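Reading the structure
Spelled out, the chains give:
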Amino acid sequence: ASGFAPKITSFQEGTWAYITARDRWPKIVGKLVDHIHCSRRRFMEEYGSEADADVKNVIHALSETRYRMMTDKPLEDLKDEYYVDIGVYNKLVQDKRKENEPLLTWYKSEWLFVECYLYRLIYGAFHQQKHLSKYDYFGEQKRDSFKEHLRHIEESAKFTLEASTSNDVPFSFYLFLIFQSSLWGNQSDLSVSGGDASTVKHSLLEAARARDSYILQNDVEKAIKEIILPLKERPASHHRIDIILDNAGVELSMDLFLADFLVHSGLVNNVILHGKKFPWFVSDVTSVDFEWTLQQMENDEGDLKTFHERFQEKLKSGKIAYTSHDFWTYPHAFCDMKEAAPDLYEELAKSNLLIFKGDLNYRKLVGDRYWPWNYSFEKSLCSFLPTSLLTLRTLKAETVSGLSAEAVERMKREFGEDTKWLTSGDFAVAQLVKI
Ligand code: F6P
Ligand code: MG
């Protein structure tokens, strides 16, 4: 019966999905309107007086969106025809409308779908404009987040460099800490913090060492022992790991250290990094963020510069590559990937391990459903398993599966009826499914 666990909607008062629709979305859109309003003079200096019309159009479109979500109006078809995915979105809107009329509203539709639709709607508002079509409206927040966490990033760069040359401590131990730094980097998401750029208060290395008891299911060691280390025994084959990225700034930096360290170890020939094609869920990585981050590292004086040099070599030789696919900004759960993006599915199937970063990727893995918390994680993927996969996620949404009975017991003991542990970002999971 759990195969039919209900999908999350924003309808039920008091849930995180409800609070997201009532408070977080209007705040994110409002902040954007404010940002564009305040940037008007700068746009006009850059693009001339024509930019004024762009600014007005964007503010008008975003204000309308904000009004419609706040008054729980029905979802409309997307109207901008400037991006290839429009058909994908509108087919879903139309299909869902047929099924659910008159319930296809901002609060009553599936949460995952509406949230993706919102970020696609925002993109459309800009993309239709003459001068602002390529503008990254979340760029400033993402760049601030990198700068705010610079000392943590530098510390982890130093650690990665030392780990590559040290013979004192086993390689797997270093790898374990670098993995866990990447996991805790996911606390940095800007859509929860409402734009507060300094979301990660502690050093990532410190977190990697000291926050074990906050990881409710931890398969990192298992992934290292059972997937990564055994690659050594098959030296003739071509080994590849894919990281499906989440947020820019401190999280991306930790992911770059992980990618680099995996290739540097010689166990893995290739790491492919997957980003988004356009600004997404405020802080997600686009190609511009990727380039910008590397540029920042290059401009640094110390360990980051050294790290940048060796990372750059791997990029040049193709050992590390950055790519993006339209599917990552579709609203689908991953169990629909085979049908909606068969080319991507086939590509991922070539990998030895897929590492999915972050909360949104997790929601898409498990279809954003209310699974019983101790339900099998593998079963909640609903057959999505192109190859082995590991999810590294701090919990920021009311969906989780695969927890042990003890972990569930503990959360009930510590929090009672209160489910804030599911959404605070304080707790994490690292869950592996092997093919
Ligand atoms: O708003 C939905 C949500 O999944 C949150 O729960 C989370 O804060 C955010 O979006 C994205 O988080 P992440 O960057 O970890 O995917
Ligand atoms: Mg994100």
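So, here is what we can say about the structure in this document. This one's a predicted model, so the numbers in the text were calculated from it and none came from an experiment.

**Quick word on the overall build of the protein**
Helix and strand content of the protein: 19 helices and 7 strands. Scaling as 2.2 N^0.38, a compact globule of 435 residues should have a C-alpha radius of gyration of about 22 Å, and the protein matches this with 21 Å. Its C-alpha atoms give the protein principal-axis dimensions of roughly 60 × 55 × 40 Å. Going through the 435 residues of the protein one by one, you find that 58% of them count as buried. Put simply, 80% of the contacts in the protein that link residues at least 6 apart link residues at least 24 apart. Per element, the accessible surface of the protein, about 18,300 Å² overall, is 49% carbon and sulfur.

**Details of the side chain of S39**
Take S39: it is sitting in the loop between α1 (16-38) and α2 (40-47). Taking relative accessible area as the criterion, S39 reaches 6% and is therefore assigned buried. At a separation of 2.6 Å, a polar atom in the side chain of S39 contacts the main-chain carbonyl oxygen of H35.

**Some remarks on the coordination of the magnesium ion (ligand 2)**
The protein atoms that coordinate the magnesium ion (ligand 2) are D246 (OD), N247 (OD1) and D284 (OD), at distances of 2.1 to 2.2 Å. Sequence spacing of the donor residues for the magnesium ion (ligand 2), all on one chain, is D-N-x36-D. For D246, a relative accessible area of 5% puts it in the buried group.

**Some points on the side chain of K276**
Mapped onto the fold, K276 is located in the loop between β3 (270-275) and α13 (287-299). For K276, a relative accessible area of 6% gives the class buried. At 3.5 Å, the side chain of K276 and the backbone oxygen of L245 are in polar contact. When residues no more than four places from it in sequence are discounted, the contact partners of K276 are L245, D284, V285, T286, S287, Y322, S324, W328 and T329.

**A closer look at the environment of A341**
Structurally, A341 is set in the loop between α15 (337-340) and α16 (342-349). Under the relative-accessibility criterion, A341 is labelled buried at 1%. Filtering out sequence-adjacent residues up to four positions away, A341 remains in contact with H325 and F327.

**Structural notes on the packing of helix α12 (residues 250-264) against helix α14 (residues 303-316)**
In helix packing, the relevant descriptors are the interaxial angle and the interaxial distance, both defined with respect to the helix axes. In the contact formed by α12 and α14, the axes pass within 11 Å of each other and the chain directions differ by 60°. Between α12 and α14, the angle falls in the class oblique. Helix-helix and strand crossings are classified by hand; for α12 and α14 the assignment is left-handed. Here L256, F257, D260, V263 and H264 of α12 lie close against α14, whose contacting residues are L304, F307, R310, F311 and K314.

**Looking at the environment of D54**
The residue D54 is located in helix α3 (residues 51-70) in this model. Its relative accessible area of 4% is what places D54 among the buried residues. Expressed as a C-alpha distance, the spacing of D54 and L385, which sit 331 residues apart in the sequence, is 43 Å. Among all residues touching D54, those that are not within four sequence positions of it are Q129, K130, H131 and L132. Within the structure, D54 has its side chain in polar contact with the backbone nitrogen of H131 (distance 2.6 Å).

**Thoughts on the packing of aromatic side chains**
Any two aromatic rings considered together are summarised by their centre-to-centre distance and by the angle between their planes. Enumeration over the complete set of coordinates arrives at 34 aromatic pairs. Above the face of the W184 ring, R211 is positioned so that its terminal group lies 4.5 Å from the ring centre. Note that R211 overlies the ring of Y214, its terminal NZ or CZ placed 4.0 Å from the centroid.

**Thoughts on the nonpolar core**
When a protein is soluble and globular, its nonpolar side chains tend to lie buried together. Counting residues in hydrophobic clusters, the biggest one holds 60 residues, and the most contacted among them are F179, I228, L256, V271 and L273. Those residues within four positions of I228 in sequence are excluded, and the remaining contacts are L175, F179, A223, I241, L262, L267 and L353. Listed in part, the 49 residues of the second largest apolar core include I28, V58, L112 and F278.

**Re the pattern of salt bridges**
Counted according to the given criterion, the structure contains 30 salt bridges. As a salt-bridge pair, K158 and E162 come within 3.5 Å of each other at their nearest N and O atoms. Of this pair, K158 and E162 both sit in helix α7 (residues 150-165), 4 residues apart, which is roughly one turn of that helix. Residue K158 is classed as partly exposed on the basis of its relative accessible area, which comes to 43%. Here the residues in one salt-bridge network are R240, D242, E347 and K350, joined through shared partners.

**Looking at the pairing of strand β2 (residues 240-244)**
Along β2, 5 of the 5 residues are buried, which leaves the element largely enclosed by surrounding structure. In β2, alternate side chains face the same way, and those of R240, D242 and I244 on one face and I241 and I243 on the other are all buried. Between the parallel pair β2 and β3, the chain is carried across by α12, and the sense of this crossover is right-handed. In the sheet, β2 pairs with strand β5 (residues 353-357) via 4 bridges, with the strands oriented parallel.

**Examining the sheet that holds β5**
As summarised here, the arrangement of the 7 strands in space is β1-β7-β6-β5-β2-β3-β4, forming an open sheet in which the pairing is mixed. Looking at the sheet topology across the chains shown, the edges are occupied by β1 (215-218) and β4 (320-324). Neighbour-to-neighbour, the strand axes of the sheet open up by a mean angle of 15°, direction not taken into account. The pairing of β2 with β3 spans 5 bridges and is parallel.

Rules and cut-offs
- Residues numbered from 1 in each chain as written.
- Chains lettered and ligands numbered in written order.
- Predicted model: local features only at pLDDT ≥ 70, side-chain atom pairs only at ≥ 80, totals over all residues.
- Heavy atoms only, no water.
- Helix = DSSP H or I, 4+ residues; strand = E, 2+ residues; numbered from the N terminus.
- Rg over C-alpha atoms; globule rule 2.2 N^0.38 Å.
- Buried < 20%, exposed > 50% of the residue type's maximum accessible area, 1.4 Å probe, protein only.
- Contact = heavy atoms within 4.5 Å.
- Areas by Shrake-Rupley, 256 points an atom, 1.4 Å probe, with all protein chains shown as cover.
- Polar contact = N/O pair within 3.5 Å; in protein donor to acceptor, adjacent residues only side chain to side chain.
- Donors = N, O, S within 2.8 Å, 3.2 Å for Na, K, Ca; no water.
- Axes fitted to C-alpha atoms, helices over the stretch in contact; angles between N-to-C directions.
- Parallel < 35°, antiparallel > 145°, perpendicular 65-115°, else oblique.
- Left-handed = near helix turned anticlockwise from the far one by under 90°.
- Phe/Tyr/Trp six-rings, centres within 6.5 Å; stacked < 30°, edge-to-face > 60°.
- Lys NZ or Arg CZ within 6 Å of the ring centre and 35° of its normal.
- Core = buried A, V, L, I, M, F, W, Y, C linked by side-chain atoms within 4.5 Å.
- Salt bridge = Lys/Arg side-chain N within 4 Å of Asp/Glu carboxyl O.
- Right-handed = clockwise from strand over helix to strand, strands pointing away.
- Pairing = 2+ DSSP bridges.

All quantities given are derived from atomic positions and should not be read as evidence of function.
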